[in-house]
Amino acid sequence: MAIIYIENKPYQAPEGKNLLNACLSLGFNIPYFCWHPALGSVGACRQCAVKKYRDESDTRGQIVMSCMEQVAGGLRISIDDPEVREFRASIIEWLMANHPHDCPVCDEGGECHLQDMTVMAGHAYRRYRFKKRTYANQELGPFINHEMNRCIQCYRCVRFYRDYAGGRDLEVFSAHDHVYFGRHDHGTLESEFSGNLAEVCPTGVFTDKTLKKHYTRKWDLQSAASVCVHCGLGCNTLVAERYGSVRRILSRYNGAVNGYFLCDRGRFGYEFLSSAKRIRRAAKRNSASGAMEPADKKIILRSIKEIIAGGRVIGIGSPRASVESNFALRRLVGPDNFYSGMSAAEEELTALSIRIMKSGCASFPSLRETEKADAVFVLGEDVTNTAPMLALALRQSVKNRAAASLKKNRIPEWDNGSLCVIKDEEPGPLFVASLLPTRLDDAATRIFRGSPTQIARLGQAVAHAVNENLPAVSGLEQAVAKLAEEIARELTEASAPLVVSGAGCLSGPVMEAAANIAAALAAVNPRAGLFLALPESNSFGLGLLSGKPLDQAFQRAEKGEVRAAIILENDLYRRSEKKRVDRFREQCRHVIVLDFIDTATAAKAEIILPTAPFAEADGTLVNNEGRGQRFYRVMDPEEDCRPGWRMLAEIMEYAGIGDAGQWTTIDDIIAGLCAEEPELQGMREIAPPAEFRIYGQRVPRQPHRYSGRTAMKAHEDIHEHKPALDFDSPLTFSMEGFRSGPPPSLIPFYWSAGWNSVHALNKFQAEIGGPLRGGDPGIRMVGSSHKNFEYFKPAPVTPTPGGREYLLVPYFRIFGSEELSVLSPSIAGRIPGNLLLMNESDAKRIGAGNGSLVRVAVADAGASLAVKIDPGIPEGVAGYPAGMPGVEFMNLPAWGAITEGG
Amino acid sequence: MAERPLTGDIRPGEGPPRLTEYERRGGYAALKKALKQMDPAGVAEEVKRSGLRGRGGAGFPTGAKWSFVPMGTDAPEPKYLVANGDEMEPGTFKDRYLLEGNPHQLIEGMIIAAFAIQASVAFIFIREEYREACAALTRALAEAFAAGYLGGNILGSGFNLDMKLHVSAGRYMCGEETGLINALEGRRAVPRWKPPYPQTAGLWGKPTVVNNIETLCCVPHIVLKGAEYFKGLSRTGEGGTKLYGVSGKVKNPGCWELPMGTSIREILEEHAGGMMGGFKLKGLLPGGASTDFLLEEHLDVNMDFESVAKAGSRMGTGTIIVLDDRTCPVGFIHNLQKFFSRESCGWCTPCREGLAWVEKTLAAIEEGRGTREDIGILEFHVRLLAPGRTFCALAPGAMEPLGSGLKFFRDDFDRHISAPSCPWR
Ligand SMILES: Cc1cc2nc3c(=O)[nH]c(=O)nc-3n(C[C@H](O)[C@H](O)[C@H](O)COP(=O)(O)O)c2cc1C
Ligand code: SF4
Ligand code: SF4
Ligand code: SF4
Ligand code: FES
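Residues numbered from 1 in each chain as written. Chains lettered and ligands numbered in written order. Predicted model: local features only at pLDDT ≥ 70, side-chain atom pairs only at ≥ 80, totals over all residues.

Participant: Give a detailed account of the overall build of chain A, specifying residues and quantitative values.
Facilitator: For chain A, the count of helices and strands is 24 helices and 35 strands. For chain A, the C-alpha radius of gyration of 28 Å lies close to 29 Å, the compact-globule estimate for 902 residues. Seen along its three principal axes, the alpha-carbon backbone of chain A occupies a region of about 90 × 80 × 55 Å. The burial tally for chain A puts 58% of its 902 residues in the buried class. For chain A, the share of sequence-separated contacts (at least 6 apart) that also reach a separation of at least 24 residues comes to 74%. (Helix = DSSP H or I, 4+ residues; strand = E, 2+ residues; numbered from the N terminus. Rg over C-alpha atoms; globule rule 2.2 N^0.38 Å. Buried ≥ 20, exposed ≤ 12 C-beta atoms within 10 Å, placed from the backbone. Contact = placed C-beta atoms within 7 Å.)

Participant: Talk me through the nonpolar core; I want residue IDs and the actual numbers.
Facilitator: Among the nonpolar cores identified, the biggest contains 410 residues, and A:V462, A:I517, A:A518, B:M110, B:I111 and B:I112 are the most heavily contacted of them. Looking at this core, the element that brings in the most residues is helix 17 (residues 508–522) of chain A, giving eleven residues. Of all hydrophobic cores here, the second largest spans seven residues; its members include A:A403, A:I411, A:L419 and A:V421. (Core = buried A, V, L, I, M, F, W, Y, C linked by C-beta atoms within 7 Å.)

Participant: How would you explain helix 19 (residues 550–558) of chain A if you had to name every residue and give the values?
Facilitator: Residues and elements named next belong to chain A. For helix 19, the complete set of buried residues consists of L550, A553 and A557. Buried positions in helix 19, seen along its axis, are confined to an arc of 55° and lie on one side of it. Phi turns positive one or two residues past the end of helix 19, at G560, with a value near 75°. (Arc of directions from axis to C-beta.)

Participant: Tell me about the sheet that holds strand 4 (residues 62–65) of chain A, residues and numbers included.
Facilitator: Residues and elements named next belong to chain A. The strand order 2-1-5-3-4 describes an open sheet built from five strands, whose pairing is mixed. On the outer flanks of this sheet lie strand 2 (9–13) and strand 4, each paired with one strand and no other. Looking at each pair of strands side by side, their axes are set apart by 40° on average, direction ignored. With two bridges connecting them, strand 1 (residues 2–6) and strand 5 (residues 76–78) associate as parallel partners. Residue pairing in the sheet places I6 in a bridge with I77 of strand 5. Sheet contacts for helix 2 (residues 82–98): strand 3 (49–53), strand 4 and strand 5; angle to strand 3, the most-contacted strand, approximately 155°. (Pairing = 2+ DSSP bridges. Axes fitted to C-alpha atoms, helices over the stretch in contact; angles between N-to-C directions.)

Participant: So what about the domain arrangement of chain A? Which residues, and what values?
Facilitator: Residue and element names in this part refer to chain A. When cut into domains, chain A gives domain 1 (2–98), domain 2 (214–335 + 569–581 + 598–798), domain 3 (363–527) and domain 4 (805–900). Here the C-alpha centroids of domain 1 and domain 3 sit 39 Å apart. Each partner contributes residues to the interface: domain 1 has seven residues there, and domain 3 has six residues. Its residues placed into classes, the side of domain 1 that touches domain 3 shows two nonpolar, five polar and no charged. (Domains from an automatic or database assignment. Nonpolar A, V, L, I, M, F, W, Y, C, P; charged D, E, K, R; others polar.)

Participant: Explain the site of ligand 2 residue by residue, including any values.
Facilitator: In the vicinity of ligand 2, 14 residues are found, and the nearest of them are A:C151, A:C154, A:C157, A:C201 and A:V205. When grouped by side-chain class, the residues that make up the shell around ligand 2 number eleven nonpolar, two polar and one charged. (Near = placed C-beta within 6 Å.)

Participant: I'd love a proper account of the pairing of strand 18 (residues 430–434) of chain A, names of residues and values included.
Facilitator: All names here are of chain A. Among the five residues in strand 18, five count as buried, and that is most of the element. Side chains of strand 18 alternate between two faces, with L430, V432 and S434 and F431 and A433 buried alike. Strand direction decides the pairing type here: strand 17 (residues 375–379) and strand 18, joined by four bridges, are parallel. Directly across from F377, in strand 18, lies its bridge partner F431. Sheet analysis places strand 18 next to strand 19 (residues 446–449), joined by four bridges and oriented parallel.

Participant: How would you sum up the domain arrangement of chain B? Please name residues and give values.
Facilitator: Residue and element names in this part refer to chain B. Domain boundaries in chain B define domain 1 (19–232), domain 2 (244–322) and domain 3 (329–418). One C-alpha centre belongs to domain 2, the other to domain 3; they are set 23 Å apart. Every contact between the two is made by nine residues of domain 2 and, on the other side, eleven residues of domain 3.

Following this line, the structure appears as structure tokens:
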């Protein structure tokens, strides 16, 4: 810590830090535009000027940019000096020269950093009397709206898009007072992180197009803290609604998880909430006509009671349902009859990853910590498509070597201009071993392409090279052996090496190899990390509830031991072959489906009970790193919808099962869970209990600027409606309550006096860019203080079948492979076709070319798909679009036949 | 006539000397001396003692500039030398004269400079419009490579140097050294923040020296004949000769190599032949468009960096633009601001938005649409677009003719506004 003087008063600030950051962290207000805590400093906008004095006797001082100054002991500055204030006001005046004066019709209005900074800088009257510059806007696809006239040329968009996120198709064009930020031509933004432009851009140039479709003034949004449901990373989100419909998602800062950003699936997937596939009414199949008919919930509950009374009931849970809902189902059917609903491979990999984490074989960095890794080896994951934000984090990690060399030259880490010059000169190291080409290949030092067996063998060879006591891999090709040596060397020499793997190639041996490498590294370097991605939002949480895989439920049904199945938020057709699911359905007399979307499984149910999706429910999701995180409903569910756990509690109460009658709030369920699963005590600590109050008050979901409250429902009733009550959390559906400084897990939106934009977040962080005041939300549920890891034995090599067999491997797409987000119209606009990826010579061999229809057949399933030739695909391998809409489940990787003609 | 080491061998209209001709007149002797009789530190020391100050406009001492380059075995590799031939400063055409007239002189100077800083790659960065210079350089480079002055193990010294000609798309910002570096790397020509200075982290993050063409052309003469000789060429404390130029309504506009510190009067009257008939001197920009106006009373100022600075302007590139009494000063300044605002790279707010505002305001005044408040707006920009407040020196440079113009020709501005029209039209 250094002592610096601001207006002649001493303050403590971290030595070497950025002065702007330090001043903001100390609570001073200095306006800024081009600086962003995640993007560093470039000194372009000149807004953050302060006066710097040589020493005590210096009275004139010199205007400098605070974002380009380093904190050093004895530094003397003034923020209030009249000359520098005039300069800051002038910057706004210059920016406003060409900026439209029509905030009332701007999408950013009310949540605009430019508005805030204008007020802060104190510019008020317009002197510029000439014509304003105008630009043509571009059509940038389904996510982002473009309104270039509002640009203030802070360069943040291109710096985020290109330098931070690795995108190529957004640039700055032209020069002088006509610089243009856009694409070379109209067209969809290609980056998977384009949505962040809406938050990164300080004005209304890049805005959320999905919000625009049903626009609401930002201050009229009611919001709540939530957790993304579209992959296993558990990024934190802020969900906002008006008139009962969710209007947008913002990133909710979590210093340990997603930091400032979100991926586009996480930001725009929410539109599934208003999809036509939503189920909102309880329904029962008419036994005479066979048609599903809406029915009174009471009647349905009575039927369910009868079904349960008939015995032989099993429950099938889901990795996309909350811990609470899965637990409630387990309680309803009993642990012996509870099935996780995951496929055998998913179940095995989830259990394996939990086991590895419990073994304490290495350190298990958080998502955000992976940014700090200085050598990375990815085994078997196309992270951009399976765990998107991890790709963004790894794109930061490849800059660390360059950052270290800057440090050697005493150039501060926040000097982003310098970093960008050399980041491409000294990249990585990042090694990617994958089945198929990945989106991260462009950032990789070296790429290895192979089957799961080959990846696992490479991994084991690396582990052996790190620790020669581990078994050597025999019969490796020389090139592979050399690569293994190189990877091992880089990982060993790094100060924070990181091994990444996961369920992406559905292979246990690959994950085991990754664990072996990490363990071998960790034996000598405690910072060596392992990061294992899991596919769904609650894969880990479900894994902790010790269910059995779906296949075992099928086997039981096969033996006639299942009369009724209660299926919770799970489409079994996504987890097993159609034939097998159909057969299971036939074997069960009764199938009760609880879900919020109409799936192929729901279509065959006898009874459907609508549950509430994340925006209308409270619950806990456990992300891939075992972090339990609470999500809160932003509005009450409508019609018959109830959170899964509440619906199940109602069933239990009606059917008189156990003490479930006393399960009135989520806290009751968590207490029940902790009683049964002592390992999950952490669940209690994740969020404050419902009766938590600050000075006797709840935390409001609505900002104090919320308008129209008394008139919103006037078409129904002229009396102001009473706000809905919330028994599950300390939040309230109103404007009244205690606003400042709720515990981090409860923060429903960021706002602070003078800070109406997303940058209000500054005021909620202990240090800007660091953890939230009070600690980042979420509790890691597993951990191990002692090591009890035993190295995995390399898996035997499976023989390659002869003949015309291809190794079919799954590939995933950020837009397309995830069940819920594909129902969002904006995401649907980005789904590539269902294509079978093949190497050119393989395609030729079966007489196929780009677009030709082929038939794919494996043991239990088959599909017809169009071919896409991809030169990056190894010979003898074909990529199958697993989980994409309309694509049948196949148990992959598997050997199968591909023949020409659909 | 005084000695003209840089231009004495240039024969306008005859084309530049080919290699054999250049060698015959003593070319590459300096290189031989440097490589065979001196070490890098010795060369650098000689240049430092010569008092050579950069001819690119800022007058930074060349020896000092080189001394910041990390030397020794653990210095980063490779190191780069760049010759700045962007020359887009309005009114400036001295580097062109050297490039077209004697390309081998530049190449020789660059090899010696590269040797001094132990650079292994050198670039000549030149604007696209200098086609004749490009052709001459291309030929000269081929000759120098063929003769073994460039490439591996030059003259058996063990010193290696690759040299490339880069013809740029050309913008004023490409002349600013960090903008040039960005442009050379294929990035947008916007400046880079300093520190780190190019000498430690320039092209692709490696140590880089950027020098002006004229600066580099001085180097062989310093090395061959010694620092004392070079100092002796000057009439003042700053060493060497200087290429001065004059444009405007003078009888004989042109470019001459004269002793450093020759007075403005001598340049204007003896070399440029005085004002054309019917024109009177109203003011002048001593060193290109981005320097402050001087007036008739300043004619006896010696043209070197210090003296011109004392007079309230900058010697800049040393190329004088003359404003005469029949040219509207507002129109003259407007024309310059049109250039500067168009050439603003668009990176920082005050310059990007401010210069455009200035330009529009001047246009309005010139066209008779000016208001009293406009003068305040112009003064506001002169005051605020100061060094350190904008990202680079372009905008402060642009304010020099405007600020001094407002000071010296304020009546003319006022007359435009009260008329309201341009009295010269
Ligand atoms: C806007 C701007 C344009 C410039 N243009 C040129 C140029 O065309 N040629 C040049 O040699 N220096 C130019 N300079 C100066 C260079 O930045 C740099 O100082 C010079 O090339 C260094 O060479 P020297 O030390 O030999 O003078 C320019 C500077 C600025 C701010
Ligand atoms: S579009 Fe937005 S982020 Fe990009 S430069 Fe303009 S104001 Fe800044
Ligand atoms: S990375 Fe995963 S959790 Fe994060 S926003 Fe994207 S889909 Fe959601
Ligand atoms: S002053 Fe600013 S906008 Fe102007 S050229 Fe320099 S960096 Fe670019
Ligand atoms: S925030 Fe410091 S210059 Fe832009």
